[in-house]
Amino acid sequence: MLAAGAGIVYALGITVVVIAGVGAVGLVTLFVWRWRRSSPEAARTRASPSPVPVRAAHPLPPPPPAVKQAPEIHVRHHWHGVSAEDVAAIIRSQHEP
């Protein structure tokens with residue numbers, strides 16, 4: 001029982017030390033940040049003009065068309081040994097509704 005109590009006290013001690021350390025680092029950071037913002041050098045740096053002149057942005061290009069034209073399709077038929085009448089009949093049958 002005594003060992004369990006000592007373990008709990010040890011864990012709580014570590015937790016308190018870690019929390020106190022994080023808090024101390026946070027306070028130091030806050031003080032340094034406030035000191036640097038209130039220093040005359042920082043005020044002079046904030047008030048200085050930008051060394052690069054500001055220019056207007058280029059206008060955006062026009063948007064692309066929503067629907068593009070379909071490419072033309074050229075079909076080449078190679079029907080060797082088929083008569084002209086058969087080719088005409090096949091083409092006619094493909095173009096009928």
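Residues numbered from 1 in each chain as written. Predicted model: local features only at pLDDT ≥ 70, side-chain atom pairs only at ≥ 80, totals over all residues. Heavy atoms only, no water.

Concerning the overall build of the chain
Of the regular secondary structure elements, the chain holds three helices and zero strands. Ordered by position from N to C terminus, the α and β elements of the chain give α-α-α. Per-residue burial for the chain yields a buried fraction of 2% across its 97 residues. Carbon together with sulfur atoms contributes 68% to the accessible area of the chain, which is approximately 9,900 Å² in total. (Helix = DSSP H or I, 4+ residues; strand = E, 2+ residues; numbered from the N terminus. Buried < 20%, exposed > 50% of the residue type's maximum accessible area, 1.4 Å probe, protein only. Areas by Shrake-Rupley, 256 points an atom, 1.4 Å probe, with all protein chains shown as cover.)

Quick notes on a nonpolar patch on the surface
On the surface, a nonpolar cluster with roughly 420 Å² of combined accessible area is contributed by Tyr 10, Ile 14, Val 18 and Val 22. Residue placement: Ile 14 occurs in helix 1 (residues 2–38). (Patch = residues over 30% accessible without salt bridge, like charges linked within 9 Å, V, L, I, M, F, W, Y side chains within 5 Å. Salt bridge = Lys/Arg side-chain N within 4 Å of Asp/Glu carboxyl O.)

A look at the confidence of the model for the chain
When the pLDDT values of the chain are averaged, the result is 83; 85% of them are 70 or greater. Across the chain, element-level confidence peaks in helix 1 with a mean pLDDT of 92 and bottoms out in helix 2 (residues 40–47) with 63. (pLDDT = per-residue confidence, 0-100.)

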